[in-house]
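# Examining the three-dimensional arrangement
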Amino acid sequence: MKTLYQHHFDSIDGLAQRLAAVDYIASREIATSVYLGFNLEKPILVEGPAGVGKTELAKGMAEILDVPLIRMQCYEGLDESKALYEWKYGKQLLYTQLLKDKLGEMMQGAVGLAASIERLHAHDDLFFSEHFLEPRPLYQALHQERGCVLLVDEVDKSDPEFEAFLLEVLSDFQVSVPELGTIKAKVKPIVFLTSNNTREMSDALKRRCLHLHIPFPEAKLERRILERRVPGLSATLNRELVAFIQAVRQMDLKKQPSVSETIDWAKTLLLLHAEHLSLDMVKGTLNVFLKFEQDIASATEQLPALLQQARKDAESPRASHA
Amino acid sequence: MQATLEDFFKALRGSDLKISLNAQIDAARAVELVGWSDRTLLKSALGTTLAKTTADRALYDEAFDRFFRFSSFENMAAQDPPDQDQDKQTATGSGGPGGCQGSGGQALSQLLMSGDSAALAKRMQEAAREVGLTDIWFFTQKGFYTQKIQQAMGLELLDREISDAKRQTLAPERAKALELARKKLFVEVRNFVERKLALFGTAPTRQLHDDFLQSQKLSNIEKRDFARMHVIVSKIAKRLAERHSRRKKKRVRGQLDFRKTLRKNAAYDGVMFETFWRSKVVDRPRVVAICDVSGSVRQYARFLLLFLHSLGEQVSDLRSFAFTNHLVEVSDTFESLPVEQAVDKVMQAVGGSGTDYGQTLLDIEAQLLDDIDRRTTVLILGDARNNRGQAHAEVMQLLYQRARRVIWLNPEPVSFWGLGDSEMKRYAPYCHIARECNSLAHLESTLDALLRTHSASA
């Protein structure tokens, strides 16, 4: 089995730079984990609050390596047939009906049951070949000629049974299809698993993976992310905006605004041609990054104080994440 | 290098982190890749391979900072000990048994007088490894290890020098200075040992304490240990729940549902493409727990309730009652509050003295008997000490006839049953199981049996 992992990165900083080139600004912690995962040939289990860029990381890696990203979204009740392969049942049925006459011709001259079956056997298991196979994400990932980045998204939502099945795939990169035999990966894919921690993953799965926790970024990192993701945003607005979001994260909220929300908000403000954060504008756009009525209400209440703090922090960027 | 890493793994285990062999290998390979030179890099590299959850990561961070904190000797000199050198030296220096005597061949006194903190720290590390400091468990071992390490560092030689200097009238200052340095050395080594004890000894001693708590009589457990007990109970409950949920899943699929299969496949000319299976009804135990909460047994009741409610969905339909002289349903309290708080509240609310089993049984007959059917398990916890009142054992007989099972848990040993005002001998014949139950270990085996018989008969 060839491996994509042979595609070495020379250093952690080099990896971070290349990720930055595809607009993913990685902290050193993230770059270290990815670098190690790459060199140790291990899947990486990425945890962290929603919207901090867990999925983006996998996308970024796929872009760097110039291989397809295959994404498998997990949910309750996901099973092998949805994740690996399924027989195209309808197609099989249709073909047998269409080919009824042909089958009749083929059987001509065969005397007795045994002879007929013998003849059928000469034609292999036509109906259980790859033509009738519906490949699902895992199967596709194993079949990529040039390898791929496999993203198993929200693995914590899947059932324990499926998790056990995943173990086999992740450790050997091969699966057995009863009708076709064992299918081995042509090129070992690079695997990211993401989890939002709705349930504890099994020890066996954790043991096979490296663990990476992505927290909300610090102000400095978040500013760099914004610079990259929202070009055209003025430096002052960038600083004020990040300081404001960081201040909001200190509040006791139902759902804290994440990086993706910061980006959305920055884009919104850019569209509104804002140069500075003003009270009215913030009030009008709170719903871009706060998703609960309660949160919006409590933020509106403290808005002047938050703004003042954000402006102060923006002027002295060092103190912005005290 | 390898030795340092191994010591670190040991320290991680000491802080309650489970590290698999696999992770250790990964960690070693990661270190090879990133090297020892960058501390933050080393921290994140080891962290990503060794810590497997976010909670573990916090533990790991703490352990890392404590482990790679450099042994001080700051008061000896102003110099900061360069860290990586220290690691390198420890690895090479610990080669032979004599390795510690001569790191650089210098005598301890020379090191002390020159105030070379780095060399001293190094010497101490080597000595610590030689005497096996990583095996330290108890605070009582502190003196022993401190002494051992000092000796390994060359204390004897130092003492001889001090006494020599004292004899020579010419060098009283040198003797004084050496003695002072010796005292400082003692303090440093002692501090070092204390830090290591905290690092390596915490988890094993806690484990010992946990084992002790599990076999201890529940009534003897002191209030300060309650928090720990809650942790243990929920751990065991989780384990039980996991074990029994898995077994159940396997049993859900039953026999082929032939009729349904035929009916559904009529569309395919009776060719059976799709099969249908009968599903089995998952039989989760319905439990009615009736607990005596009078002074003598309330501790036991506390933990039984805690345990039952920690089992979560493994026990569907759990109703709990408490009594001293009459029956009170307390299920609501458990539904509205977190388990630990609920237990406390129940204990406070349903109090009073003078247990009356007779009255309670009559209450059961009046309030509860209609709800008990062939699927219900009745769990009674009490010492059956009735203060010489009426026993009303006939209600027990009714219970016995109606319920699937009646289990009586008695904190008293069997030999005490029936002595004095105990009515246990009268109640016991109407119980499917009557057993002594006074420690967590007992509770665990009882509840395990309760869950097992249910899934086996499903």
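Residues numbered from 1 in each chain as written. Chains lettered and ligands numbered in written order. Predicted model: local features only at pLDDT ≥ 70, side-chain atom pairs only at ≥ 80, totals over all residues.

Before going further, it helps to spend a moment on the overall build of chain A. The helix and strand inventory of chain A stands at 16 helices and 11 strands. The buried share among the 322 residues of chain A stands at 35%. (Helix = DSSP H or I, 4+ residues; strand = E, 2+ residues; numbered from the N terminus. Buried ≥ 20, exposed ≤ 12 C-beta atoms within 10 Å, placed from the backbone.)

Counting its secondary structure elements, chain B contains 19 helices and eight strands. Here the contacts in chain B between residues at least 6 apart in sequence split such that 74% fall between residues at least 24 apart. (Contact = placed C-beta atoms within 7 Å.)

Counting from both sides, the interface comprises 17 residues of chain B and, opposite them, 15 residues of chain A. Breaking the side of chain B that touches chain A down by element, the ones donating at least two residues are helix 2 (21–34), helix 3 (39–50) and helix 4 (54–67) of chain B. Looking at which element gives the most residues to the side of chain B that touches chain A, the answer is helix 2 of chain B, with six residues. Taken together, the residues of the side of chain B that touches chain A sort by class into six nonpolar, seven polar and four charged. (Nonpolar A, V, L, I, M, F, W, Y, C, P; charged D, E, K, R; others polar.)

In this model helix 3 of chain B runs 16 Å from its N-terminal to its C-terminal C-alpha over 12 residues, within 8% of the 16 Å that 1.5 Å per residue would give. All of the buried residues along helix 3 of chain B are Ser-44, Ala-45, Leu-46, Gly-47, Thr-48, Thr-49 and Leu-50 of chain B. Against helix 2 (28–40) and strand 11 (210–213) of chain A together with helix 1 (2–14), helix 2 and helix 4 of chain B lie the buried residues of helix 3 of chain B. (Expected span 1.5 Å × (residues − 1).)

Residues and elements named next belong to chain A. One open sheet holds the five strands; their spatial order is 3-6-10-2-11, and the pairing between them is parallel. Single-partner strands in this sheet number two, and they are strand 3 (69–73) and strand 11. Put simply, the sheet's adjacent strands are angled 20° from each other on average, direction ignored. Pairing analysis gives five bridges linking strand 3 to strand 6 (residues 149–153), with the strands arranged parallel. In the sheet register, Ile-70 faces strand 6, and the bridge partner there is Leu-150. Of the strands in this sheet, strand 2 (44–47) and strand 11 are in contact with helix 2, which crosses strand 11 at around 165°. (Pairing = 2+ DSSP bridges. Axes fitted to C-alpha atoms, helices over the stretch in contact; angles between N-to-C directions.)

Next up on the list: the environment of Thr-261 of chain B. By the element assignment, Thr-261 of chain B lies in helix 12 (residues 258–265). A C-alpha to C-alpha distance of 8.9 Å links Thr-261 of chain B and Phe-273 of chain B, two positions 12 residues apart in sequence.

On to the sheet that holds strand 7 (residues 405–410) of chain B, then. Residue and element names in this part refer to chain B. The sheet built from six strands is open, its strands ordered 5-4-3-6-7-8 with mixed pairing. Every other strand in the sheet has two partners, leaving strand 5 (327–329) and strand 8 (433–436) as the edge strands with one partner each. The sheet shows a mean angle of 20° between the axes of neighbouring strands, direction not considered. Direction of pairing for strand 4 (residues 318–323) relative to strand 5: antiparallel, over a ladder of three bridges. Counted as the bridge partner of Phe-321 is Glu-329 from strand 5. Against the sheet, helix 16 (residues 357–368) engages strand 3 (286–292), strand 4 and strand 5, with an angle of about 45° to strand 5.

Our focus in this paragraph is the packing of helix 13 (residues 259–271) of chain A against helix 14 (residues 279–289) of chain A. Residues and elements named next belong to chain A. Interaxial distance between helix 13 and helix 14 falls to 9 Å at its minimum, and their mutual angle equals 145°. The chirality of how helix 13 crosses helix 14 is right-handed. When helix 13 is examined against helix 14, the residues Glu-261, Thr-262, Asp-264, Trp-265, Thr-268 and Leu-269 are found in contact with a partner set consisting of Thr-285, Val-288 and Phe-289. (Left-handed = near helix turned anticlockwise from the far one by under 90°.)

Residues and elements named next belong to chain B. Assignment of secondary structure puts Lys-235 in helix 11 (residues 226–251). We classify Lys-235 as exposed; it has 12 C-beta atoms within 10 Å. C-alpha of Lys-235 to C-alpha of Phe-307: the two residues are 72 residues apart in sequence and 9.8 Å apart in space.

All names here are of chain B. Along strand 4, five of the six residues are buried, which leaves the element largely enclosed by surrounding structure. By the bridge criterion, six bridges tie strand 3 to strand 4 in an arrangement that is parallel. Of the residues in strand 4, the one forming a bridge with Val-287 is Leu-318. Hairpin connection from strand 4 to strand 5: three residues lie between these consecutive antiparallel strands.

A few words on the nonpolar core. For soluble globular proteins, nonpolar side chains are generally found buried alongside one another. With 123 residues, the main nonpolar core has Val-149, Leu-150, Phe-192 and Phe-244 of chain A together with Leu-12, Met-124 and Ile-149 of chain B as its most contacted residues. Grouped together as the second largest cluster of nonpolar side chains are 60 residues, Val-293, Phe-303, Ile-380 and Ala-434 of chain B included. (Core = buried A, V, L, I, M, F, W, Y, C linked by C-beta atoms within 7 Å.)

Residue and element names in this part refer to chain B. Two elements in contact, helix 16 and helix 17 (residues 393–402), have axes whose closest approach is 9 Å; the angle formed by their N-to-C orientations is 40°. Here helix 16 lies oblique to helix 17, going by the angle between them. Helix 17 is crossed by helix 16, and the crossing has left-handed handedness. Listed contacts from helix 17 to Leu-361, Leu-362, Ile-364 and Glu-365 of helix 16 are Val-395, Met-396 and Leu-398. Among the residues forming the contact of helix 16 with helix 17, the class breakdown is six nonpolar, no polar and one charged. (Parallel < 35°, antiparallel > 145°, perpendicular 65-115°, else oblique.)

Below, the discussion takes up the confidence of the model for chain B. All names here are of chain B. Per-residue confidence for chain B averages 77 on the pLDDT scale, and 84% of its residues sit at or above 70. A low-confidence stretch, residues 75–104 stays under pLDDT 50, and its non-local contacts, those more than four residues away or across chains, total 60 contacts. The complex model carries a pTM of 0.66, and its ipTM stands at 0.79. (pLDDT = per-residue confidence, 0-100.)

A word on the pairing of strand 3 of chain B. All names here are of chain B. Among the seven residues that make up strand 3, seven are buried, leaving the element largely enclosed by the rest of the structure. Both strand 3 and strand 6 (residues 376–381) contribute to a ladder of six bridges, which runs parallel. Looking at the pairing, Ile-290 lines up with Ile-380 of strand 6.

The subject of this paragraph is the environment of Met-424 of chain B. All names here are of chain B. Of note, Met-424 is situated in helix 18 (residues 424–427). On the basis of neighbour counts, which here come to 21 C-beta atoms within 10 Å, the residue Met-424 falls in the buried class. Sequence-wise, Met-424 and Ala-391 are 33 residues apart; in three dimensions their C-alpha atoms are separated by 9.6 Å.

What follows is about unusual backbone geometry. Residues other than glycine predominantly adopt negative phi, and peptide bonds predominantly adopt the trans conformation. Of note in this structure, Asp-66 of chain A is not a glycine but carries a positive phi near 60°. With respect to the helices and strands, the residue Asp-66 of chain A is situated in the loop between helix 3 (54–65) and strand 3. Of note in this structure, Asn-387 of chain B is not a glycine but carries a positive phi near 55°. By the element assignment, Asn-387 of chain B lies in the loop between strand 6 and helix 17.

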